Amino acid sequence: MKHILHVVESFGAGTLSMVSAMANRQSADGHRVTIIHSVREETPENWPQLFAAAIKCIHLPMQRAIHPLNDFRSGRALYRWIKELQPDVVHLHSSKAGAVGRLVSLAWAGQGGPRWFFSPHGLSFLQRAEGRLKNSIFLGIEKILAGVPVTFLACSPSEGEEIRQHLSPNVKVVNNAVDLAAIPEATGTRHQAGVLRIGTVGRVTLARNPELFADIAAQCRDLPLEFVWIGGGDESGETALRNAGVAVSGWCERRAALQQLASLDIYLQTSRWEGLPVAVIEAMAAGLPVIATNVVGNRDLVRNGENGYLAENAADFVQHIGQLVNDADLRWRLGGQARAFAQANYSLDRMMGELYAAYGF
């Protein structure tokens, strides 16, 4: 058995979900697993309960923003932990841990040591809302760091293609996945007449574009619809949603969130950027038709007219919502095909097989 070390600063949302899924399965498979992590505002209070008891968790403060002095301190501490732990594999997750960890890996260059892997979970230079200047800076930093001999692990084929095109050919695809057995089947209003529920699950953040969701809801006021956002977060985003008549649940534990997901009829994903969205996989596994922005990650999951629709703007969302509202058979057909697609392609067994193959186990 091997000693696997995961390093993650972005300890929340989809990244936390994937790290916990990987680590728990690796521990169950008999590997020794250690997590070196930071804590963010969006890190749930019950995060220790997400990990098996055998997994060792070490808190290492890392700062999300670029800060040379703090980043140096984080890197020095990470180097000391890796030297002490002597893992067989170091798996870095998201931008900051990826940057700091790749620089630390140079200390072992040509000296053997652990095998190094980096999962971006959404490439920083594709974050549309950051603006061209910031994205150019992020891309420049990533191009420099791409020279470090660490294997990229893309969480979707389209993310893998972006890495090959802009950064490095040294990339393997390990698709995100979910525990399919834990996803309750959506019931929505299939067996009763009335108002349809349209919603999304996740933190209200810039990345998830709550303003677009609010715009869509406002344009659909005259339709027999209830719009809900299952989650909470940024105050400005929540205000925009409520002003458009969207019900915002606030933060809720994962099991409760999945139960609310099952009450929907249509799922929207209005994100500005993605890696491979866990929330969309869960919605599809629940049997919901999905309408999503046409960005990396979303386009790996949604097949136009087969299990949902891709949209370029609010008008596209409204058009496709109208189609689904007026045709129950279409909703059920696309939802059924979404469920079959998720079950065939995004199981934890499949993800772990791809991950172990990438590690070289």
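Numbering of residues starts from 1 in every chain and runs along the sequence as written. Where local features are concerned, this predicted model is filtered to residues with pLDDT of at least 70; where side-chain atom pairs are given and counted, the filter is 80 or more; whole-chain, interface and lining totals use all residues. In computing side-chain values, all of the structure's heavy atoms are included and hydrogens and water are not.

## Regarding the overall build of the protein
- Within the protein one finds 13 helices and 13 strands.
- We compute the radius of gyration over the C-alpha atoms and compare it with the globule rule, which gives 2.2 Å times the number of residues raised to the power 0.38. In terms of overall dimensions, the protein is globule-like: its C-alpha atoms have a radius of gyration of 20 Å, near the 21 Å expected for 361 residues.
- With the C-alpha coordinates of the protein rotated into their principal frame, the extents come out at 65 × 45 × 35 Å.
- Exposure is judged per residue with a 1.4 Å probe applied to protein chains only, and the accessible area is read against the type maximum: over 50% gives exposed, under 20% gives buried, and values in between give partly exposed. Classification of the 361 residues of the protein by burial places 57% in the buried group.
- Working rule for contacts: check all heavy atoms of both residues, and any pair within 4.5 Å makes them a contact. In the protein, of all internal contacts separated by at least 6 residues, the share reaching a separation of at least 24 is 69%.
- Carbon and sulfur atoms form 50% of the exposed surface of the protein, whose accessible area is close to 15,500 Å².
- The sign given to each residue is positive for Lys and Arg and negative for Asp and Glu; His and the chain ends receive no count. A charged residue contributes its charge at one atom only: NZ of Lys, CZ of Arg, CG of Asp or CD of Glu. Counting 34 positive and 34 negative side-chain charges, the protein places the centres of these two groups 7 Å from one another. Only DSSP runs of H or I with at least four residues qualify as helices, and only runs of E with at least two residues qualify as strands; both kinds are numbered from the N terminus onward. To be clear on the numbers: accessible area is Shrake-Rupley with a 1.4 Å probe, and residue cover counts the displayed protein chains and nothing else.

## A short note on the confidence of the model for the protein
- Scored from 0 to 100, pLDDT reflects the predictor's confidence in each residue. Averaged over the protein, the pLDDT score is 90; the fraction of residues at 70 or greater is 94%.
- Within the protein, the lowest mean pLDDT, 69, falls on helix α4 (residues 132-145), and the highest, 98, falls on strand β12 (residues 290-293).

## With respect to the nonpolar core
- Core analysis: the largest hydrophobic core is formed by 48 residues, its most contacted members being L261, Y267, M284, V290, L301, M351 and Y359.
- Going through the elements one at a time, α1 (13-28), β9 (225-230), α8 (254-261), α9 (278-285), β12, α12 (328-345) and α13 (348-359) are the ones with two or more residues in this core. In this description, a nonpolar core means a group of buried Ala, Val, Leu, Ile, Met, Phe, Trp, Tyr and Cys residues linked to one another through side-chain atoms lying within 4.5 Å.

## With respect to empty space enclosed by the protein
- For cavity detection a 1 Å grid was placed over the protein atoms alone, and a set of points counts as a cavity when a 1.4 Å probe fits there but cannot get out; an open set counts as a pocket when protein lies on both sides within 12 Å along at least five of seven lines, with lining residues being those that have an atom within 4 Å of a point. Grid points are joined across faces, edges and corners, and a volume is the space filled by probe spheres set on the points. Taken as a whole and judged by the stated rule, the model has 2 cavities of 30 Å³ or more.
- Each pocket or cavity is described by its volume, and for the second largest cavity that value is around 40 Å³.
- Taken together, M22, S119, H121, L153, A154, C155, V174 and N176 form the lining of the second largest cavity.
- Classes in brief: Ala, Val, Leu, Ile, Met, Phe, Trp, Tyr, Cys and Pro nonpolar; Asp, Glu, Lys and Arg charged; the others, Gly included, polar. Its residues assigned to classes, the lining of the second largest cavity shows 5 nonpolar, 3 polar and no charged.

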